[in-house]
Amino acid sequence: MSERPDFDPSTLVIHSNRSYEMQSNSILFPIHQTATYIHESVGVTKGYGYSRGANPTVNALEQAIAAIENTATALCFRSGMSAIHTLCMAILKAGDHVILSDVIYGGTMRLFHQVLGNFGIEYSYVDTSSAAPVEAAIKPNTRLIFLESPANPTLKISDIRGVSEVAHKHENILVAVDNTFLTPLLQDCLALGADVSMLSTTKYIDGHNATIGGSLATNDEKLVERLRLVRKTIGSIQTPFDSWLALQGIKTLPARLEVHCKHAKQIAAWLEAHPRVAKVNYPGLDSFPQKALAASQQSDFGGMLSFELDASTEDSLRFMNALKLCTCAESLGSVETLATNPATASHCDLTREAREALGISDRLIRLSVGLEAPKDLIADFEQAFAAVFGSKA
Ligand SMILES: Cc1ncc(COP(=O)(O)O)c(C=O)c1O
C-alpha cells in the first residue's frame, strides 16, 4: 500500500500494476492462463502455487480494484454472487443472524432464502435508510449487516454512516456494502465506516458485458486472510481470462462513470417531464425523497434509474418491447443502455405483494443508462411511446 504512487484514481486504474511483462515488453499485462506454477526447488515458488489460490492476472485486477478502494488488498471472485457467498462462508456459522437491506438484489435474497437459510443462518430484512430500525433489529447473534445502496431496482439509499456507527457499538458485527451501482469512485463505503466493500465487477468495472465477476475490499487484514483461505478452499477465485478483460475495462472506469452520470441525469429529467411517465426513481432528481442522504455519501448519482409509466403493466411491457436502441437485457453498468423489468427478471422470485411492498411494481422499468448520445436514446423512447400510445403519447 505504501508503494502505491499518489496518483489520481483515473491514473491509478491504468497504472496500478507496474510489473509489466519482461520478455517482450508488451504494454498489456499478460493473461497467465495456467493451473499451476513450477517450483524453483521443492516448496520454493515465486509466490504462486496453484491458480485456485492465486494467479498473477487475477492479482493485477485485484491491485487495480484495491487502488480505487484505497485498501492494501482486494480479492476477486468468479461472480458478484460468489463474492457475497464467500464473505458469508468466511464470517458466519450456523445460528448467526444477518441484517439485509429490505430492498436488495434478488440474487442476494435467493442466496439467503434458498441456500444459506438451509445451513442455519438467520436473516431479517430491515429498512436501512436510517440507523434506528437497524439498531432495533440487532440481536445478540447478529454478525453481519449487508447493505445495498443505491438498491436494485428502486435506488433506495441506505444510511451507510449511521448504520456503521450503530453496528460498531457491538464488537462482533461487520458492515458490508454492495456498492455495485456506484463503485468506490462515486461512493467510498469504507471511508463512510463500512468494513467491507463489495462489487459485482460484471457491471461498471468491466463495463462491456464481457465477464461475470465480483470483488471484496477491506482494511481488516485478518479478514482478508480468512477470505483468501475460504476462496482457495471453495474455489471461488476469478478466472485469469475474465480478470484480464475486466482489467482492460477498469482503465476507462473514471471516464465512463462521468458520462454515465451525465447521461442518466439528462434521461431522468426528460422522463420525469414526460406526460406518460408516472414516476422516476433517480437520486439526483429533486423529487427523489432521499436526495439529501444520497448527496451526503455519494459524489455523484450514478447511471442507474427506474421508472413507471402512467399505463398498465401490459402497455409498459409493450413500451419495453418497442425500444430499438435500448436493449432489453439483464445486467447493468455497460456502455450499452439496458432496460429490464425487475418483476420478471432480478426480483421474479418474490411474490407480487412482497415486491409491491418494496416499491417494485410489475410495470417498473429499470434503466442502466449507457454511453450512447442522450438525444438518440430520447428519440428511441419517443418512437416507443408513439408505437404504444400513438398520437396520445
Ligand atoms: C446490486 C447487485 N449486486 C450483486 C449482483 C450479482 O452480481 P453477479 O451477477 O456478478 O453475480 C448483481 C447482479 O445483477 C447486482 O445487481
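Residues numbered from 1 in each chain as written. Predicted model: local features only at pLDDT ≥ 70, side-chain atom pairs only at ≥ 80, totals over all residues. Heavy atoms only, no water.

Peer 1: Would you mind showing me how to read the site of the ligand here?
Peer 2: Taken together, 13 residues surround the ligand, and among them Gly 80, Asp 178, Ser 200, Thr 202 and Lys 203 come closest. Taking Met 81, its main chain carries an N or O atom lying 2.9 Å from an oxygen atom of the ligand. At 2.6 Å, a side-chain N or O of Asp 178 approaches a nitrogen atom of the ligand. Relative to its unbound accessible surface of 390 Å², the ligand loses 91% to contact with the protein. Split by residue class, the shell around the ligand holds three nonpolar, seven polar and three charged. (Near = heavy atom within 4 Å. Polar contact = N/O pair within 3.5 Å; in protein donor to acceptor, adjacent residues only side chain to side chain. Areas by Shrake-Rupley, 256 points an atom, 1.4 Å probe, with all protein chains shown as cover. Nonpolar A, V, L, I, M, F, W, Y, C, P; charged D, E, K, R; others polar.)

Peer 1: Would you mind showing me how to read the pattern of salt bridges here?
Peer 2: Proximity of charged atoms lets side chains of opposite charge pair with each other. Applying the stated criterion across every chain, the model contains 17 salt bridges. Lys 93 is the salt-bridge partner of Asp 96, the closest N and O atoms lying 3.3 Å from each other. The class of Asp 96 is buried, set by a relative accessible area of 3%. Since its relative accessible area comes to 53%, Lys 93 is described here as exposed. One network of salt bridges, with partners in common, ties together Asp 102, Asp 127 and Lys 156. (Salt bridge = Lys/Arg side-chain N within 4 Å of Asp/Glu carboxyl O. Buried < 20%, exposed > 50% of the residue type's maximum accessible area, 1.4 Å probe, protein only.)

Peer 1: Can you help me understand the domain arrangement of the chain in this one?
Peer 2: Many structure descriptions define interface size as the accessible area lost when the parts assemble. When the domains of the chain are assigned, the result is domain 1 (9-250) and domain 2 (253-392). Counting residues at the interface gives 44 residues for domain 1, matched by 41 residues for domain 2. Both faces considered, domain 1 and domain 2 share a buried interface measuring about 3,200 Å² in area, 61% of it formed by carbon and sulfur atoms. Three residues stand out in domain 1 for area buried against domain 2, namely Pro 153, Leu 186 and Tyr 204, and they jointly supply 23% of the buried area on that side. Counting across the domain 1 and domain 2 interface gives one salt bridge. Between Asp 349 and Arg 110 there is a salt bridge, with the nearest N and O atoms lying 2.5 Å from each other. (Domains from an automatic or database assignment. Contact = heavy atoms within 4.5 Å. Buried area = accessible area lost by both parts, 1.4 Å probe.)

Peer 1: Explain the layout of surface pockets to me, please; I cannot follow it from the model alone.
Peer 2: Rolled over the atoms, a probe as big as a water molecule pinpoints where empty space is left. Volume-wise, the largest pocket comes out at about 430 Å³. Along its surface, the largest pocket is lined by 27 residues, and Tyr 105, Ser 200, Thr 202, Lys 203 and Ser 331 are the ones closest to its centre. Breaking the lining of the largest pocket down by element, the ones donating at least two residues are helix H3 (80-91) and strand E6 (196-200). Ranked by the residues each element gives to the lining of the largest pocket, the list is headed by H3, at three residues. Each residue belonging to the lining of the largest pocket can be placed in one class, and the counts come to 10 nonpolar, 12 polar and five charged. Formed jointly, the lining of the largest pocket draws a minimum of three residues from each of two domains, domain 1 (9-250) and domain 2 (253-392). (1 Å grid on protein atoms, 1.4 Å probe; cavity = no way out; pocket = protein on both sides within 12 Å on 5 of 7 lines; lining within 4 Å. Points joined across faces, edges and corners; volume = space filled by probe spheres on them. Helix = DSSP H or I, 4+ residues; strand = E, 2+ residues; numbered from the N terminus.)

Peer 1: What exactly am I supposed to notice about the packing of aromatic side chains here?
Peer 2: Any pair of aromatic rings gets described here by the distance separating the centres and the angle formed by the planes. Evaluated as defined, the whole model comprises 11 aromatic pairs. Each ring, one from Phe 319 and one from Phe 381, has its centre 6.4 Å from the other, and the planes form 20°; the classification is stacked. You can see Phe 319 sitting in helix H11 (residues 313-322) and its partner Phe 381 sitting in helix H13 (residues 374-389), a full 62 residues away along the chain. When sorted by exposure, Phe 319 lands in the same class as Phe 381, which is buried. Here the aromatic residues Trp 270, Phe 307, Phe 319, Phe 381, Phe 385 and Phe 389 are joined through ring pairs into a cluster of three or more. A cation sits over an aromatic face here: Arg 231 above Phe 77, 5.7 Å from the ring centre. One Lys or Arg, Arg 276, reaches over the ring of Phe 389 and ends 4.1 Å from the middle of that ring. (Phe/Tyr/Trp six-rings, centres within 6.5 Å; stacked < 30°, edge-to-face > 60°. Lys NZ or Arg CZ within 6 Å of the ring centre and 35° of its normal.)

Peer 1: Is there a simple way to think about the packing of helix H9 (residues 253-273) against H13 in this case?
Peer 2: Axes are the key here: two packed helices are described by the angle between their axes and the distance separating the axes. In contact at an axis separation of 10 Å, H9 and H13 are set at 30° when each is read in the N-to-C sense. What the angle tells us is that H9 and H13 run roughly parallel. Considering only the axes of H9 and H13, their crossing is right-handed. Residues His 263, Gln 266, Ile 267, Trp 270 and Leu 271 of H9 form the contact with H13, whose participating residues are Pro 374, Leu 377, Ile 378, Phe 381, Glu 382 and Phe 385. Residue composition of the contact of H9 with H13, grouped by class: eight nonpolar, two polar and one charged. (Axes fitted to C-alpha atoms, helices over the stretch in contact; angles between N-to-C directions. Parallel < 35°, antiparallel > 145°, perpendicular 65-115°, else oblique. Left-handed = near helix turned anticlockwise from the far one by under 90°.)

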